[in-house]
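# Working through the structure, step by step
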Amino acid sequence: MPYGMDSEELKARFYLSLVPNEAHKALAEKFGTTPEKVVAFINMPHFISRQYVFGSVAEILEIEFTKMLEHNVHFRKCKRCGKYFIMKGNYDTNYCDRIAEGET
Ligand SMILES: [Zn+2]
């Protein structure tokens, strides 16, 4: 989904008129393209994307940890198995949902 746009707004964008007006034609001439491309560029929503380049596994883990903090993801160390787990929902638990060794 484009940033800041819900599905209804996105749907409405696809039904906008794609007929270029004089302003579109002037802009197209200024930038050396076709008026149809100008209309399409203006009407179609834009997506924000990010790209990361990593030099080591530690850098990947650092960005992952940072993103978890940014998105307020809570995690704890399980008091039974000692592994970290992400806390889901409103449960205030000290144990992960992994099946312990020797149990089914
Ligand atoms: Zn556990």
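Given the structure is predicted, the values throughout are model-derived calculations rather than measurements.

For the protein, the count of helices and strands is four helices and two strands. Listing every helix and strand of the protein by position from the N terminus yields α-α-α-α-β-β. A compact globule built from 104 residues should have a C-alpha radius of gyration of about 13 Å, whereas the protein, at 24 Å, is more than 25% larger. Expressed as a percentage of its 104 residues, the buried residues of the protein come to 15%. In the protein, the share of contacts with a sequence separation of at least 24, taken over all contacts with a separation of at least 6, comes to 19%. Computed over 14 positive and 14 negative side-chain charges, the separation of the two mean positions in the protein equals 4 Å.

Attention shifts here to the confidence of the model for the protein. In the predicted model, the protein carries a mean pLDDT of 87, and the fraction of residues at 70 or more is 97%. The element-level mean pLDDT for the protein is lowest in helix 1 (residues 7-14), coming to 80, with helix 2 (residues 22-31) highest at 94.

Residue position: Asn43 is located in helix 3 (residues 35-43). With near-sequence residues (within four places) excluded, Asn43 lies in contact with Arg13, Leu16, Ser17 and Leu18.

Before going further, it helps to spend a moment on the coordination of the zinc ion. Around a metal, the perfect tetrahedron of four donors has angles of 109.5 degrees, and the perfect octahedron of six donors has angles of 90 or 180 degrees. At 2.2 to 2.3 Å from the zinc ion lie its protein donor atoms, namely Cys78 (SG), Cys81 (SG) and Cys96 (SG). In the primary structure, the donors to the zinc ion are separated according to the pattern C-x2-C-x14-C. Taken as a pair, Cys78 in the loop between strand 1 (75-77) and strand 2 (84-86) and Cys96 in the segment after strand 2 lie far apart in primary sequence, 18 residues in all. Neither Cys78 nor Cys96 differs from the other in exposure class; each is buried.

Under the counting rule described, the total for this entry stands at three aromatic pairs. Judged by centre distance (5.9 Å) and plane angle (70 degrees), the ring pair of Phe65 and Phe75 falls under edge-to-face. A residue pair is termed long-range when its members are at least 10 positions apart, and Phe65 in helix 4 (residues 57-70) and Phe75 in strand 1 qualify at ten residues. By relative accessible area, Phe75 is classed as partly exposed at 30%. Ring centres of Phe75 and Tyr84 lie 6.3 Å apart, and the angle between their planes is 75 degrees; on these two criteria the pair is classed as edge-to-face. Every member of this aromatic cluster is reached through a ring pair, and the members are Phe65, Phe75 and Tyr84.

A contiguous nonpolar surface patch, about 500 Å² in accessible area, is contributed by Phe65, Leu69, Phe75, Tyr84 and Ile86. Where the nonpolar patch is concerned, the elements lending two or more residues are helix 4 and strand 2. Note that Tyr84 resides in strand 2.

If you trace the backbone, Leu27 turns up in helix 2. Exposure remark for Leu27: the relative accessible area of 35% places this residue in the partly exposed category. Considering only alpha carbons, one finds Leu27 and Val38, eleven residues apart in sequence, at a separation of 7.4 Å.

What counts as what
- Residue indices follow the written sequence of each chain, beginning from 1 at its first position.
- Where totals are concerned, whole chains, interfaces and linings use all residues; where local detail is concerned, this predicted model gives features only for residues with pLDDT of at least 70, and gives and counts side-chain atom pairs only at 80 or more.
- With hydrogens and water excluded, all non-hydrogen atoms of the structure serve as input to the side-chain values.
- Helix and strand labels come from DSSP, where a helix needs a run of H or I of at least four residues and a strand needs a run of E of at least two; each type is numbered from the N terminus.
- Throughout, the radius of gyration refers to the C-alpha atoms, and the reference size of a globule is 2.2 Å times the residue count to the power 0.38.
- Burial classification: accessible surface area is computed with a 1.4 Å probe over protein chains only, and a residue below 20% of its type maximum counts as buried, one above 50% as exposed, and the rest as partly exposed.
- Throughout, a residue-residue contact means that at least one pair of heavy atoms, one from each residue, lies within 4.5 Å.
- Charged-residue counts in this description rest on Lys and Arg as positive and Asp and Glu as negative, His and the chain ends being excluded.
- By convention, charge coordinates are those of NZ in Lys, CZ in Arg, CG in Asp, or CD in Glu.
- The pLDDT score gives, residue by residue, the confidence of the prediction method on a 0 to 100 scale.
- The donor definition counts N, O and S atoms within 2.8 Å of each metal and applies 3.2 Å to Na, K and Ca; water is not among these atoms, so some sites may look incomplete.
- Ring pairs are drawn from Phe, Tyr and Trp, using the six-membered ring of Trp, whenever the two centres fall within 6.5 Å, and their geometry is named by plane angle: stacked under 30 degrees, edge-to-face over 60, tilted for the rest.
- Residues enter patches when their relative accessible area tops 30% and they take part in no salt bridge; the joining distance is 9 Å for like charges and 5 Å for the nonpolar side chains Val, Leu, Ile, Met, Phe, Trp and Tyr.
- What sets the accessible areas is the Shrake-Rupley method with a 1.4 Å probe; for residues, cover comes only from the shown protein chains.
- For this document, the term salt bridge refers to a Lys or Arg side-chain nitrogen within 4 Å of an Asp or Glu carboxyl oxygen.

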